[in-house]
Amino acid sequence: MSLDRSPFFERLDGAKSVLIAGAGGGFDVFAGLPVYFHLERLGKKVHLANLSFTNLVKAEGRRLNAHAIEITAASQGPEYFPEGQLARWFERRSQQVPVYALEKTGGRPLRLAYERLQQELGFDTIVLVDGGTDILMRGDEAGLGTPQEDITSLAVVNSLAIEQKFVLCVGFGVDRFHGVCHAHFLENVAALSRENAFLGVISLLPEHPEAALYREAVSYACEQTKNKPSIVCLSIKSAIEGSYGDVHSTERTEGSRLWINPLMSMYWAFELGAVARRCFYLDAVLGTETAWEATAMIEAVRKTLKCRAWEDIPV
């Protein structure tokens with residue numbers, strides 16, 4: 001391995017069909033778009049999926065099973081519909097790209113959805129993308145952020161018989177407002193590095209065509225979702241564009257103090273299995289039936305742990 005190669009992308013060299021899946025719901029699938037565009041340019045088959053916050057009962061599309069639906073540009077849905085907005089953005093570029101929406105549910109139904117998706121698409125590699133960094137919270141940190149969606153996705157993907165599985169985080173600092181201690185995130189990265197499971201960082205720069213397309217897609221989707229644009233994606237977009245400090249791209253953040261910074265526009269890449277092995281409540285979440293049950297399991301396990309005290313980054 002040399003300095004002029006990304007360890008993460010080196011691992012993807014042999015992949016034939018890649019699923020890029022948003023781990024934490026909402027707009028997380030957008031956080032994987034630069035990787036999607038890069039792999040597409042290399043000639044690989046690339047697919048998009050997302051753990052969905054959309055009310056899928058109100059969404060149109062081909063149902064793969066009770067918990068997974070294929071969303072296309074023609075799919076009608078509720079006002080909050082990131083998957084539909086993304087499919088329509090692709091259509092504006094004369095591309096027909098489905099986005100597979102997975103119901104926000106417990107571990108067992110979500111696993112059935114992923115298994116059906118693998119049967120449908122035949123991917124050999126999964127890249128699980130988190131807009132933020134709380135997917136690396138193992139359970140004993142000062143704060144966990146919003147763990148239910150991320151950890152359910154992590155548990156399920158870890159359990160699948162897929163050749164290659166990775167975790168990508170982007171948006172360092174944005175989870176501060178959900179109580180994540182970023183010193184603990186960095187401590188967890190160091191632990192993964194000791195296991196040779198940290199695959200480095202990748203900067204998204206304004207001159208990257210993949211970053212430009214990401215910014216375009218985010219702008220379009222957030223304009224179409226005026227009542228609830230993505231704070232995370234807009235923060236990442238601002239960081240790519242060189243903004244710094246208390247910069248607000250949406251009225252949703254008014255009254256709070258932001259820290260837009262260059263670290264927000266970096267991917268942090270990991271081997272998924274190693275991230276999963278460190279999580280204290282992985283098995284408990286995997287067997288759940290509903291999102292509420294998964295949340296209850298996380299809270300129950302956390303009560304048994306001795307949590308680390310909050311630590312500021314000493315710089």
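What you see is a predicted model, and the numbers here were worked out from it, not measured in a lab.

Quick notes on the overall build of the protein
Looking only at helices and strands, the protein features twelve helices and nine strands. The C-alpha radius of gyration of the protein comes to 18 Å, within 12% of the 20 Å expected for a compact globule of 315 residues. Here the protein displays about 13,400 Å² of accessible surface, and carbon together with sulfur accounts for 50% of that area. Between the centroid of the 32 positive side chains of the protein and the centroid of its 39 negative side chains there is a distance of 2 Å.

Details of the sheet that holds strand β6 (residues 125–131)
The strand order across the open sheet formed by nine strands is β3-β4-β5-β2-β1-β6-β7-β9-β8, and the pairing between neighbours is mixed. For this open sheet the edge positions go to β3 (62–65) and β8 (198–203), each flanked by a neighbour on one side alone. Direction aside, neighbouring strands of the sheet carry axes that sit 25° apart on average. Examined bridge by bridge, strand β1 (residues 17–22) and strand β2 (residues 45–52) share six bridges and lie parallel to one another. Counted as the bridge partner of L19 is H47 from β2. Across the face of the sheet, helix α7 (residues 182–194) comes into contact with β7 (164–170), β8 and β9 (266–271) while running at roughly 45° to β9.

Some remarks on the pattern of salt bridges
Where side chains of opposite charge bring their charged atoms close, a pairing between them can arise. By the definition in use, this model includes 17 salt bridges. Through salt bridges with shared partners, one network takes in R62, E70, R116 and E120.

A closer look at the packing of aromatic side chains
Within the structure shown, the criterion is met by 14 aromatic pairs. With centroids separated by 5.1 Å and ring planes inclined at 40°, the aromatic side chains of F27 and F30 adopt a geometry described as tilted. Given the relative accessible area of 0%, F30 is considered buried. With centroids separated by 5.2 Å and ring planes inclined at 80°, the aromatic side chains of F185 and W268 adopt a geometry described as edge-to-face. With F185 in helix α7 and W268 in strand β9, the pair connects residues that are 83 residues apart, well separated along the chain. By the burial criterion, F185 is buried, and W268 matches it. Note that K228 overlies the ring of Y80, its terminal NZ or CZ placed 5.4 Å from the centroid.

Details of the pairing of strand β4 (residues 68–71)
Where burial is concerned, the two faces of β4 agree: the one with A68 and E70 and the one with I69 and I71 are both buried. Pairing between β3 and β4: three bridges, direction antiparallel. When the bridges of β4 are listed, R62 appears paired with E70. From the end of β3 to the start of β4, which pair antiparallel, there are two residues. Where β4 meets strand β5 (residues 99–103), four bridges bridge the pair, whose relative direction is antiparallel. From the neighbouring strand, I69 faces β5, where its bridge partner is A101.

Each value, and the rule that gives it
- Residues numbered from 1 in each chain as written.
- Predicted model: local features only at pLDDT ≥ 70, side-chain atom pairs only at ≥ 80, totals over all residues.
- Heavy atoms only, no water.
- Helix = DSSP H or I, 4+ residues; strand = E, 2+ residues; numbered from the N terminus.
- Rg over C-alpha atoms; globule rule 2.2 N^0.38 Å.
- Areas by Shrake-Rupley, 256 points an atom, 1.4 Å probe, with all protein chains shown as cover.
- Lys, Arg positive; Asp, Glu negative; His and termini not counted.
- Charge placed at Lys NZ, Arg CZ, Asp CG, Glu CD.
- Pairing = 2+ DSSP bridges.
- Axes fitted to C-alpha atoms, helices over the stretch in contact; angles between N-to-C directions.
- Contact = heavy atoms within 4.5 Å.
- Salt bridge = Lys/Arg side-chain N within 4 Å of Asp/Glu carboxyl O.
- Phe/Tyr/Trp six-rings, centres within 6.5 Å; stacked < 30°, edge-to-face > 60°.
- Buried < 20%, exposed > 50% of the residue type's maximum accessible area, 1.4 Å probe, protein only.
- Lys NZ or Arg CZ within 6 Å of the ring centre and 35° of its normal.

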